[in-house]
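Residue strings, one per chain:
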Amino acid sequence: MSAFVLKLIACVTMFIDHIGYAIFNGSSWFNYIGRLAFPIFAFQISEGYIHTKSIKKYLLRLFLFALVSQIPFMLFHSIISEGFYLNVIFTLLFGLISIVIYDKYNKFTGIMVAISLGIIASFLNCDYGFYGVFITFLFYVLNKNKLLLATGFVLTTLIRYSYYIIDFCLQYGIGYLGTVVNFYLPSMIGTVASILFILLYNKKKGYNTKYLLYLFYPLHMLLIYGISFVI
């Protein structure tokens, strides 16, 4: 499976996910399918770092498109919830920065930076927060061993959803355990399932889609925002 096919799967499932948020408020099969998207994008960032000819241009490109995407993201987010959030490209950028420091400077420092940027991402309400930064970083650190990569990703995802379940039960009582598990379990399965596509990656580029994500991301949110007025 080439990088092009992976990006196509991620874009399609992301679109399905966002439709689910706009129509069904984030709790439908649209969203369970949509859980495939982010891990694939995070993996592609780590692969992009490996293959880029200029890390400075790569970082700048992510930063600029994060800025460009923020208004479409805020418009889209306004139809599903209140509050200020930063779009997912900021999260991916934080992950990429931690990879650069880990690879170019010092591995221990890189790990500390990944943890610190994950905390900052959560504090700034970046989409996918700490988890998003950490798995982007993790995909690079474990990229030479598919078994370790898959194991690390699955464990990190299980910890993430276990935290959500425990936190919810602490706030509202253990009596809601069954309900909250049923709510999060399909999303967890959808997220974990993304590793199957990642493991099928053949390290080939496929069609040149350098700007596919960067253009599709803000444009599809503007489209959904416009459709929401019609519906």
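Here the structure is shown first, and the text comes after it.
How each quantity is defined
- Residues numbered from 1 in each chain as written.
- Predicted model: local features only at pLDDT ≥ 70, side-chain atom pairs only at ≥ 80, totals over all residues.
- Heavy atoms only, no water.
- Buried < 20%, exposed > 50% of the residue type's maximum accessible area, 1.4 Å probe, protein only.
- Helix = DSSP H or I, 4+ residues; strand = E, 2+ residues; numbered from the N terminus.
- Salt bridge = Lys/Arg side-chain N within 4 Å of Asp/Glu carboxyl O.
- Expected span 1.5 Å × (residues − 1).
- Contact = heavy atoms within 4.5 Å.
- Polar contact = N/O pair within 3.5 Å; in protein donor to acceptor, adjacent residues only side chain to side chain.

Colleague: Would you take a moment to explain unusual backbone geometry for this structure?
Modeller: A positive phi angle, near 75°, is found at Tyr 128, a position not held by glycine. Accessibility expressed as a relative area gives 18% for Tyr 128, which makes it buried. You will see that Lys 203, though not glycine, has its phi angle at about 65°, which is positive. With respect to the helices, strands and loops of the structure, Lys 203 is situated in the loop between helix H9 (177-199) and helix H10 (212-230).

Colleague: What is the right way to read the pattern of salt bridges from this model?
Modeller: Two side chains with opposite charge may pair up if their charged atoms get near one another. For the structure on display, the rule yields one salt bridge. For the salt bridge of Asp 17 with Arg 35, the shortest nitrogen-to-oxygen distance reads 3.0 Å. A residue pair is termed long-range when its members are at least 10 positions apart, and Asp 17 in helix H1 (residues 3-24) and Arg 35 in the loop between helix H2 (29-34) and helix H3 (37-51) qualify at 18 residues. Here the two residues Asp 17 and Arg 35 agree in accessibility, since each one is buried.

Colleague: Explanation requested: helix H8 (residues 146-172) in the structure shown.
Modeller: In an α-helix, one full turn covers 3.6 residues, which means residues spaced three or four apart are oriented alike. For H8, with 27 residues, the first-to-last C-alpha span of 39 Å sits near the 39 Å given by 1.5 Å per residue. Every buried residue of H8 is accounted for by Leu 149, Ala 150, Gly 152, Phe 153, Thr 156, Thr 157, Arg 160, Tyr 161, Ile 165 and Cys 169. Buried positions along H8 lie against H3, helix H7 (129-141) and H9. Where H8 begins, the capping side chain belongs to Asn 145, and its oxygen is found 3.0 Å from the backbone nitrogen of Leu 147.

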